[in-house]
Amino acid sequence: MVSRLLRALPLLLLAAPATADHGGPLASAPMSPAAVALLAGALAFVTVLLLVVIWRLIARSGRDTE
């Protein structure tokens with residue numbers, strides 16, 4: 001048991017959490033969470049509208065060929 005712990009000790013020391021924050025894309029968000037939610041909702045709404053328009057165009061072209 002002790003030998004297993006001693007063999008795992010270097011791996012446990014290497015798995016220590018990082019202490020530096022270098023910024024980057026995962027740093028603090030530039031917008032408030034409410035603004036992000038509104039933007040995501042608006043994009044989802046526009047996506048659904050586009051899908052409905054495309055669906056109706058495809059369905060109409062299918063009726064014209066019959």
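Preceding block: the structure.
First, a word on scope: everything that follows refers to the structure included in this document. (Residues numbered from 1 in each chain as written. Predicted model: local features only at pLDDT ≥ 70, side-chain atom pairs only at ≥ 80, totals over all residues. Heavy atoms only, no water.)

Some thoughts on the overall build of the protein chain
Okay, so step 1: The number of helices and strands found in the protein chain is two helices and zero strands.
Okay, so step 2: Looking at the protein chain as a whole, 0% of its 66 residues are labelled buried.
Okay, so step 3: Roughly 6500 Å² of accessible area belongs to the protein chain as shown, and the carbon and sulfur atoms make up 73% of that amount. (Helix = DSSP H or I, 4+ residues; strand = E, 2+ residues; numbered from the N terminus. Buried < 20%, exposed > 50% of the residue type's maximum accessible area, 1.4 Å probe, protein only. Areas by Shrake-Rupley, 256 points an atom, 1.4 Å probe, with all protein chains shown as cover.)

Points about a nonpolar patch on the surface
Okay, so step 1: Side chains of Phe45, Val46, Leu49, Leu50, Ile54 and Ile58 sit close together on the surface and give an oily, nonpolar patch of about 590 Å² of accessible area.
Okay, so step 2: Residue placement: leucine 49 occurs in helix H2 (residues 33–64).
Okay, so step 3: Looking at leucine 49, the relative accessible area reads 43%, which means it is partly exposed. (Patch = residues over 30% accessible without salt bridge, like charges linked within 9 Å, V, L, I, M, F, W, Y side chains within 5 Å. Salt bridge = Lys/Arg side-chain N within 4 Å of Asp/Glu carboxyl O.)

Details of the environment of methionine 31
Okay, so step 1: In this fold, methionine 31 is placed in the loop between helix H1 (2–14) and H2.
Okay, so step 2: The exposure class assigned to methionine 31 is partly exposed, which follows from its relative accessible area of 42%.
Okay, so step 3: The residues contacting methionine 31, other than those within four sequence positions of it, are Val36 and Leu39. (Contact = heavy atoms within 4.5 Å.)

That's the geometry; what it means functionally is another story.
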